[in-house]
Amino acid sequence: MALLQISEPGQSTAPHQHRFAAGIDLGTTNSLVATVRSGVANVLQDQDGEAIFPSVVRYDKHGVVAIGKAAREQAAEDPYNTISSVKRLIGLSAEDIAESAAGMMYKLEKNDSSVPRISTAAGPKTAIEVSADILRALRERAELSLGGELTGVVVTVPAYFDDTQRQATKDAARLAGLNVYRLVNEPTAAAIAYGLDQAEMDATIAVYDLGGGTFDISILKLERGVFEVLSTAGDTALGGDDIDQAVVDWIISQQGIDVGNDAGLQRSLLDQARSVKHQLSSADSAQFELQHGDTSISASVSVDTFNELLSGLLERTLKSCRSALRQAKLKKNQIDNVVMVGGSTRVPAVRAAVSAFFEKEVLTDINPDEVVAIGASLQADVLAGNKPDSDMLLLDVIPLSLGIETHGGLVEQIISRNTTIPAARAQEFTTYKDGQTAMALHVVQGERDLVRDCRSLGRFELRGFNPVVAGQARIQVTFQVDADGLLTVSALEKASNVHAEVQIKPSYGLLDSEIESMIRDSMTNAEQDVAARMLQEQRVEAERAVEALDAAMAKDADQFLDQSEKQKILDARASVLESNDTGDSEAIKKALRGLEKVSEIYVSRRMNASIGEAMKGKNIDSYAKQDNPS
């Protein structure tokens, strides 16, 4: 039976025009879908009253044979055709996925494709396709519950997902037949849920989001309906799955079990570890009971042992918390509230550690499993136009700086990290050589000064502009990051109006540990990077000076210089080239000054000859008339 949608006056022109919109929390372990009905956000349940949808898909030769809870229950008997935790793989390269898949019992197709594919009975599947199957099931749940088609959705992603991982998530949603209003960072969605529950609240909030496979910590400023992300940090390869694996590793070491290549046994061990974790959230001990083939296990796991296994993982999350505070330039006592998000935050040791770190009680008012989906549904309701009087505004940030390669392998940053999105920045560049009619543009991501220390995002070319003297062309490069965090780069040569652009969509993304490493390296190597940049700039300047000198001397050196003068300039030129091969920027600068000094007479004579040629046949009076035509 379809539900009758009734809108408040002013929220919709007529009740029947209410648009069906939903928020989707696409999780590593579990996913949820929520919607706003009668002004209240609720997570949607299936026919059995279950709200949580396990992010698991099982395939056979005909395609999807089981999905959600049914697929998870069949994982041990058919491990290689049952895909779980696929969110950890989305947007990664074949090399990255090969490393991740080793512990996840996936088999990868061996081919030359740049898009990694998991081998299943239904044929090769990409992480995008598996995610699309999960999203399709959530769409069907929503449409069945609402009694109509969804006009659009908001899908949440980890705050530290890079451009490629976000694009891959968006592609999966489109493949599932969903119209994506926008992608929203998971911590931001949680802040929406809490912020709207506490109207007129102005506060600085830390959102600690520990899910099944990812961890995010975000510092947000909530002020008069504006949600601004001040900083974000985290780990896209850390979550409840790792807690389960820690328990499994301990059991294996205690029992002396050899798992070998038995994927079914490994699945069963992880399932039992998950059950133990859930039991220890409300008990002092739990039994690890398993019977799989010839393997029989019966062991007691105390909460003290569990907390000890958890301690290393917890410290990794607190390290990210310290990083987020530093980026936001805040101290612990400036945080007003700490919001707990994600099923793994149900673990008492997690809540205790976070509370101790921030020195305050943590907020758990809203179900940590559901809070992200609820926040996403509230934003979806606004974007669908069901609440036109809403003054809600989301201001997410870019996790890593974006820039372009300049001559000499240097990086010119266009948009700095932690810039609020959507954002657009433009900067002018010019040509390096005379007569240049094309320019190759290399877009990079990172905090270092040299291209080799940053990550390449993409390349494109601007061709067909007019040939002019080096340095005369004006080429405007524009970076645009949309509300989903997706990047488009364009270039325009202003004189000839030649234009080119590219949407950055490489075939793999960055792991969160790599992002953290890039930021950490930029701080550690700041002094070294400044020196390296100065060296490269001096080398570029030396190359330009020598190239300009060679062009001039080839044209008229014999006309203006005697042999002795010419030799002095050539000797100075050789010194510049010799110093350019060293790693000493001061030596290059000194050699350039020497070349400039011995070339002064040559430059002066050329300039005088040029002026004389321009004035030939004219007198001072003719110039005076040009300046004063009246």
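Small disclaimer: the values here were computed from a predicted structure and weren't measured.

J.: Is there a simple way to think about the sheet that holds strand E6 (residues 63–67) in this case?
T.: Sheet strands pair by backbone hydrogen bonding; their relative direction is either parallel or antiparallel. Strand order in the open sheet made by the three strands is E6-E5-E7, with antiparallel pairing throughout. Both edges of this open sheet fall to E6 and strand E7 (82–84), since each of them pairs with a single strand only. Taking the axes of each pair of neighbouring strands and ignoring which way they run, one obtains an average angle of 30° across the sheet. Note: strand E5 (residues 56–60) against E6, four bridges, orientation antiparallel.

J.: Teacher, can you tell me more about the nonpolar core here?
T.: Burial of nonpolar side chains together is a common tendency in soluble globular proteins. Formed by 49 residues in total, the largest nonpolar core has its most connected members in Tyr208, Ile217, Ile251, Phe288, Val350 and Phe358. Ranked by the residues each element gives to this core, the list is headed by helix H8 (residues 303–328), at nine residues. Inspection of this core shows a minimum of three residues originating in each of domain 1 (21–239 + 309–395) and domain 2 (240–308). Residues contacting Phe358, with those up to four places away along its chain left out, are Ala206, Ile217, Cys321, Leu325, Lys332, Ile335 and Val338. Counting 35 residues, the second largest nonpolar core, distinct from the first, contains Val33, Leu135, Val155 and Ala168.

J.: I keep staring at the sheet that holds strand E18 (residues 410–415) and nothing clicks. Help me out?
T.: Spatially, E18-E17-E21-E22 is the arrangement adopted by the four strands of the open sheet, whose pairing is antiparallel. Looking at the sheet topology across the chains shown, the edges are occupied by E18 and strand E22 (455–463). For this sheet, the mean inter-axis angle between neighbouring strands, taken without regard to orientation, is 30°. Relative to E18, strand E17 (residues 402–406) runs antiparallel, the two being bridged by five bridges. Each bridged residue has a counterpart across the sheet, and for Gly403 the counterpart in E18 is Gln413.

J.: I tried to follow the layout of surface pockets on my own but got confused; where do I start?
T.: Any empty space left between atoms is shown by rolling a water-sized probe over those atoms. Of the volumes computed, that of the largest pocket is approximately 1100 Å³. Considering the residues around the largest pocket, the lining is formed by 45 residues, among which Thr29, Asn30, Ile52, Phe53 and Pro54 are closest to the centre. Sorting the residues of the lining of the largest pocket by element identifies strand E2 (30–37), strand E4 (53–54), helix H1 (69–73), helix H3 (127–146), helix H6 (240–255) and helix H7 (263–279) as the ones contributing at least two each. Ranked by residue count, the leading element in the lining of the largest pocket is H3, at five residues. Classifying every residue of the lining of the largest pocket gives 11 nonpolar, 17 polar and 17 charged. There are two domains that each give the lining of the largest pocket at least three residues, and those are domain 1 (21–239 + 309–395) and domain 2 (240–308).

J.: Would you mind going over the environment of Gly240 with me for this structure?
T.: Along the chain, Gly240 falls in helix H6. Put simply, Gly240 and Gly211 are 29 residues apart on the chain and 6.0 Å apart in space, counted from C-alpha to C-alpha. For Gly240, the contacting residues outside a window of four places in its chain are Gly211, Gly212, Gly213, Lys277 and Ser344.

J.: I keep staring at the confidence of the model for the chain and nothing clicks. Help me out?
T.: Detailed reading of the predicted coordinates is not advisable wherever pLDDT falls low. Overall, the predicted model of the chain reaches an average pLDDT of 80, with 82% of residues at or above 70. Ranking the elements of the chain by mean pLDDT puts helix H11 (residues 512–524) last with 53 and strand E1 (residues 21–25) first with 95. The model gives residues 1–16 a pLDDT under 50, and that stretch makes 19 contacts with residues more than four places away or in other chains. Below pLDDT 50 for its whole length, residues 506–512 participates in 32 contacts with residues either more than four positions away or in separate chains.

J.: It is not clear to me how the pattern of salt bridges should be interpreted in this structure. Could you clarify?
T.: Between side chains of opposite charge, a pair can form when the charged atoms approach closely. As enumerated under the stated definition, the model contains 20 salt bridges in all. A salt bridge links Arg346 to Asp369; its shortest N-O distance comes to 2.8 Å. With a gap of 23 residues between them, Arg346 in the loop between strand E15 (337–341) and helix H9 (348–358) and Asp369 in the loop between H9 and helix H10 (371–383) connect regions that are remote in the sequence. Under the relative-accessibility criterion, Asp369 is labelled buried at 16%. Each of Asp244, Asp271, Arg274 and Lys277 takes part in a single network of salt bridges with overlapping partners.

J.: Help me understand the packing of H6 against H7 in this model?
T.: Between two packed helices, both the angle of their axes relative to each other and the distance between the axes serve to describe the pair. Two elements in contact, H6 and H7, have axes whose closest approach is 8 Å; the angle formed by their N-to-C orientations is 110°. With respect to H7, the element H6 is oriented roughly perpendicular. Residues Gly240, Ile243, Asp244, Gln245, Val247, Val248 and Ile252 of H6 form the contact with H7, whose participating residues are Gln266, Leu269, Leu270, Ala273, Arg274 and Lys277. For the contact of H6 with H7, the residue count by class is seven nonpolar, three polar and three charged.

J.: Is there a simple way to think about the packing of H6 against H8 in this case?
T.: Relative to each other, H6 and H8 sit at 125°, their axes nearing to 10 Å. On the basis of their axis angle, the class for H6 and H8 is oblique. As H6 runs across H8, the sense of the crossing is right-handed. Contacts from Asp242, Ile243, Ala246, Val247 and Trp250 of H6 reach H8 at Thr305, Phe306, Leu309, Leu310 and Leu313. A per-class count over the contact of H6 with H8 returns eight nonpolar, one polar and one charged.

J.: Would you explain H8 in this entry?
T.: Since one α-helical turn is 3.6 residues long, residues separated by three or four positions face the same way. Spanning 26 residues, H8 covers 35 Å between terminal C-alpha atoms, matching the ideal 38 Å at 1.5 Å per step. Taken as a whole, H8 carries its principal kink of about 40° at Ser311.

J.: Just to check I follow, could you spell out the side chain of Lys566 for this structure?
T.: Here Lys566 is to be found in helix H13 (residues 563–580). Judged by its relative accessible area of 15%, Lys566 is buried. Not counting chain neighbours up to four residues away, the residues in contact with Lys566 comprise Met553, Ala557, Asp558 and Leu561.

J.: Please clarify how a nonpolar patch on the surface should be interpreted in this entry.
T.: A contiguous nonpolar patch, built from Val603, Met607 and Ile611 and spanning about 280 Å² of accessible area, is present on the exposed surface. Here Met607 is to be found in helix H15 (residues 600–615).

J.: Looking at this model, I keep getting lost on the pairing of strand E14 (residues 295–302). Mind explaining?
T.: Each regular strand carries side chains that alternate between the two faces of the sheet. Burial along E14 is one-sided: the face carrying Thr295, Ile297, Ala299 and Val301 is buried and the face carrying Ser296, Ser298, Ser300 and Ser302 is not. Bridge analysis of strand E13 (residues 285–292) against E14 gives eight bridges, and the strand direction is antiparallel. Bridged to Phe288 within E14 is Ala299. Remark: two residues form the turn of the hairpin made by E13 and E14, two consecutive strands paired antiparallel; Gly293 in that turn has positive phi of roughly 60°.

J.: Where do I start with the packing of aromatic side chains in this structure?
T.: Centre-to-centre distance and the angle between the planes together describe a pair of aromatic rings. Taken as a whole and judged by the stated rule, the model has two aromatic pairs. Both rings, one in Phe357 and one in Phe358, keep their centres 4.9 Å apart while their planes meet at 85°; by these two values the pair is edge-to-face. The two residues Phe357 and Phe358 agree in class, both being buried. Above the plane of the ring of Phe357 lies Lys332, whose end atom (NZ or CZ) is 4.2 Å from the centre.

Rules of the game
- Residues numbered from 1 in each chain as written.
- Predicted model: local features only at pLDDT ≥ 70, side-chain atom pairs only at ≥ 80, totals over all residues.
- Heavy atoms only, no water.
- Pairing = 2+ DSSP bridges.
- Helix = DSSP H or I, 4+ residues; strand = E, 2+ residues; numbered from the N terminus.
- Axes fitted to C-alpha atoms, helices over the stretch in contact; angles between N-to-C directions.
- Core = buried A, V, L, I, M, F, W, Y, C linked by side-chain atoms within 4.5 Å.
- Buried < 20%, exposed > 50% of the residue type's maximum accessible area, 1.4 Å probe, protein only.
- Domains from an automatic or database assignment.
- Contact = heavy atoms within 4.5 Å.
- 1 Å grid on protein atoms, 1.4 Å probe; cavity = no way out; pocket = protein on both sides within 12 Å on 5 of 7 lines; lining within 4 Å.
- Points joined across faces, edges and corners; volume = space filled by probe spheres on them.
- Nonpolar A, V, L, I, M, F, W, Y, C, P; charged D, E, K, R; others polar.
- pLDDT = per-residue confidence, 0-100.
- Salt bridge = Lys/Arg side-chain N within 4 Å of Asp/Glu carboxyl O.
- Parallel < 35°, antiparallel > 145°, perpendicular 65-115°, else oblique.
- Left-handed = near helix turned anticlockwise from the far one by under 90°.
- Expected span 1.5 Å × (residues − 1).
- Bend = angle between axes of the 7 residues up to and from the residue.
- Patch = residues over 30% accessible without salt bridge, like charges linked within 9 Å, V, L, I, M, F, W, Y side chains within 5 Å.
- Areas by Shrake-Rupley, 256 points an atom, 1.4 Å probe, with all protein chains shown as cover.
- Phe/Tyr/Trp six-rings, centres within 6.5 Å; stacked < 30°, edge-to-face > 60°.
- Lys NZ or Arg CZ within 6 Å of the ring centre and 35° of its normal.

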